[in-house]
Amino acid sequence: MNDSKCSFALFQYLAKLSKVDPGFTYDIARNAKGKMTGFAWMTSVMRSHFERYHSVIFLDAMKRKTNIHLWPYILVVIVNDLGESHPVCESVMMAEVNQSYTFLIQAALKMCPKVSPTQIKVVFGDEFFSQKLIQTSGLHEAKLFFDHYHLILNQEKSLGPSLFQKTKVLLLSLLNAKSSSHFCDIKKALVENTQVFPS
């Protein structure tokens, strides 16, 4: 992306898309020196989904084969009332870092002005996310939660491989507890079996 010829070609392509589809918008991320570090885009269909469903959003980098080559594809996803997931803003960035997510959130809001930052109440995100990152991105009313995958990943890091394998089934059951009493029963079993969880 830092190659001027490639950047110019990309600008031309994005501009062409916006002329073909007036609902297509895009935003460019730049570093302190003005060099492009990524770009985000939103189609009219994405915007329509975001305008209807925005109180809960999911943020993550997908397509890991792309990530290996340091070109993470990062997106904002919503889930509608039918349980269907839809991307509402997509991006390609030079690195999966805090600044990339901040740019993506702000770009999504910029390209969909009918959604106010205060209307987003819950953000599900990656394991290196923090509440401070969410606040810095302008989502002052939102609370951060880790998704199912990253909750389990965090436990593996904190418990170590051996203890994690011993407790994995119970940990998964804890996340999928059907009621508060079921949750308490599973937690009690974890305490009794490992002696590492607070009662």
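The structure reproduced in this document is the subject of the present report.

Topic: the pairing of strand β1 (residues 25-30)
As paired elements, β1 and strand β2 (residues 36-42) share six bridges and run antiparallel to each other. By the bridge assignment, Asp 27 is partnered in β2 with Ala 40.

What to know about empty space enclosed by the protein
Counting across every chain of the model gives one cavity of 30 Å³ or more. If you go around the largest cavity, the residues you meet are Phe 50, Ile 57, Val 76, Ile 105, Ala 108, Leu 109 and Ile 120. It is helix α4 (residues 98-111) that provides the largest number of residues to the lining of the largest cavity, a total of three residues. Residues belonging to the lining of the largest cavity are distributed by class as follows: seven nonpolar, no polar and no charged.

A look at α4
Under the 1.5 Å per step criterion, the end-to-end length of α4 is 20 Å for 14 residues, consistent within 8% with the ideal 20 Å. Across the 14 residues that make up α4, a large majority, ten, are buried.

With respect to the side chain of Thr 102
Following the sequence through the fold, Thr 102 ends up in helix α4. Accessibility expressed as a relative area gives 14% for Thr 102, which makes it buried. Sequence-distant contacts of Thr 102, defined by excluding residues within four places in its chain, comprise Leu 133, Thr 136 and Ser 137.

Looking at helix α2 (residues 44-52)
Listing the buried residues of α2 in full gives Met 46, Arg 47 and Phe 50. Within α2, the buried residues cover an arc of 100 degrees as seen down the axis, which keeps them to one side. Counted as exposed and oriented over 90 degrees from the buried face of α2: Val 45 and Arg 52.

Concerning the state of the cysteines
Under the counting rule described, the total for this entry stands at zero disulfides. The closest cysteine sulfur to the non-disulfide-bonded Cys 112 is located on Cys 89, 9.4 Å from its own sulfur.

A word on the pattern of salt bridges
Under the criterion given, the structure shown has one salt bridge. Asp 27 is the salt-bridge partner of Lys 110, the closest N and O atoms lying 3.4 Å from each other. Taken as a pair, Lys 110 in helix α4 and Asp 27 in strand β1 lie far apart in primary sequence, 83 residues in all. Classification of Asp 27 by relative accessible area gives buried; the value is 15%.

Rules of the game
- Residue positions are given per chain, counted from 1 along the sequence in the order it is written.
- Local features are withheld for residues below a pLDDT of 70 in this predicted model, meaning they are given only at 70 or higher, and side-chain atom pairs are given and counted only at 80 or more; totals for whole chains, interfaces and linings count all residues.
- No hydrogens and no water enter the side-chain calculation; it runs on all heavy atoms of the structure.
- Think of it this way: DSSP has to see at least two bridges between two strands before they count as a pair.
- Under the DSSP-based scheme used, a helix requires at least four consecutive residues in state H or I and a strand at least two consecutive residues in state E, with every element numbered from the N terminus.
- A 1.4 Å probe that fits but cannot get out identifies a cavity on a 1 Å grid over protein atoms alone, an open set with protein on both sides within 12 Å along at least five of seven lines counts as a pocket, and a residue lines either if it has an atom within 4 Å of a point.
- Grid points are joined across faces, edges and corners, and a volume is the space filled by probe spheres set on the points.
- Amino acids are sorted into nonpolar (Ala, Val, Leu, Ile, Met, Phe, Trp, Tyr, Cys and Pro), charged (Asp, Glu, Lys and Arg) and polar (every other residue, Gly among them).
- One less than the residue count of a helix, multiplied by 1.5 Å, gives the span that helix is expected to have.
- For every residue, the accessible area (1.4 Å probe, protein chains only) is compared with the maximum for its type, and the residue is labelled buried under 20%, exposed over 50%, or partly exposed between those bounds.
- The criterion used for residue contact is that any of the two residues' heavy atoms lie within 4.5 Å.
- What the arc measures is the spread of directions leading from the helix axis to the C-beta atoms.
- When two cysteine sulfur atoms are found within 2.5 Å, that pair is recorded as a disulfide.
- Any carboxyl oxygen of Asp or Glu that lies within 4 Å of a side-chain nitrogen of Lys or Arg is treated as forming a salt bridge with it.

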